[in-house]
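Now for the letters of each chain:
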Amino acid sequence: MKAIETAEEFKEVTGQPKTVIIKFETTWCPDCKRLNTYVDDIVKDFSFEWFSADRDKFPDLSEKYQVLGIPSLLAFRNGEKTAHLRADDKSPDEIREYLKTIEA
């Protein structure tokens, strides 16, 4: 999963015509660390491109897209947020089920 480093890169990535998933997280978040122990297995199950963004580095984007809890998985297509899952208390199976609704 590639980390987004600039707001310009975020805009480019999320502006694609295909759905991309952005995992908002921080370095200090215990739930983010827990998600990171199994997210790679989830990534393999879906055809989305996945990126990560540190919420603390992008407070304006976090506010704009209502990232109130971390980790959060946001889906984007053509520059628009199409789905949002606050994943702090979700199991791998719950996340997979949610992503299936986006993929359909």
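Residues numbered from 1 in each chain as written. Predicted model: local features only at pLDDT ≥ 70, side-chain atom pairs only at ≥ 80, totals over all residues. Heavy atoms only, no water.

Under an unreviewed UniProt entry, the protein chain has the name Thioredoxin-like protein YdbP and belongs to Sporolactobacillus putidus.

## Quick look at the packing of aromatic side chains
Following the criterion strictly, the structure yields five aromatic pairs and no others. With 5.8 Å between their ring centres and 40° between their planes, Phe10 and Tyr65 make a pair best called tilted. Separated by 55 residues along the polypeptide, Phe10 in helix α1 (residues 7-14) and Tyr65 in the loop between α4 (59-64) and β4 (72-77) bring together distant segments of the chain. Look at Tyr65 and Phe76: their rings are 4.9 Å apart centre to centre, the planes differ by 90°, and that puts the pair in the edge-to-face class. With a gap of 11 residues between them, Tyr65 in the loop between α4 and β4 and Phe76 in strand β4 connect regions that are remote in the sequence. (Phe/Tyr/Trp six-rings, centres within 6.5 Å; stacked < 30°, edge-to-face > 60°. Helix = DSSP H or I, 4+ residues; strand = E, 2+ residues; numbered from the N terminus.)

## Quick look at the sheet that holds strand β2 (residues 20-25)
Strands sit in the order β1-β3-β2-β4-β5 across an open sheet of five strands; the sheet is mixed. With partners counted over all chains shown, the strands left at the sheet margins are β1 (2-3) and β5 (80-86), one partner each. Relative to strand β3 (residues 49-54), β1 runs parallel, the two sharing two bridges. Across the sheet, residue Lys2 finds its bridge partner in β3, namely Phe51. Contacting β1, β2, β3 and β4, α1 crosses the sheet at an angle of about 145° to β2. Packed onto the sheet, helix α5 (residues 92-103) meets β2, β3, β4 and β5 and runs at close to 165° relative to β5. (Pairing = 2+ DSSP bridges. Contact = heavy atoms within 4.5 Å. Axes fitted to C-alpha atoms, helices over the stretch in contact; angles between N-to-C directions.)

## Let's talk about the nonpolar core
Residues Ile4, Phe10, Ile22, Phe24, Tyr65 and Phe76 are the most contacted members of the largest nonpolar core, which totals 17 residues. Listed by contribution, the elements that provide at least two residues to this core are α1, β2, β3 and β4. When residues in this core are grouped by element, the largest group, three residues, is from β2. When neighbours within four sequence positions are excluded, Ile22 is seen to be in contact with Ile4, Phe10, Val13, Thr14, Phe51, Ala53, Ser72, Leu73, Leu74 and Phe76. (Core = buried A, V, L, I, M, F, W, Y, C linked by side-chain atoms within 4.5 Å. Buried < 20%, exposed > 50% of the residue type's maximum accessible area, 1.4 Å probe, protein only.)

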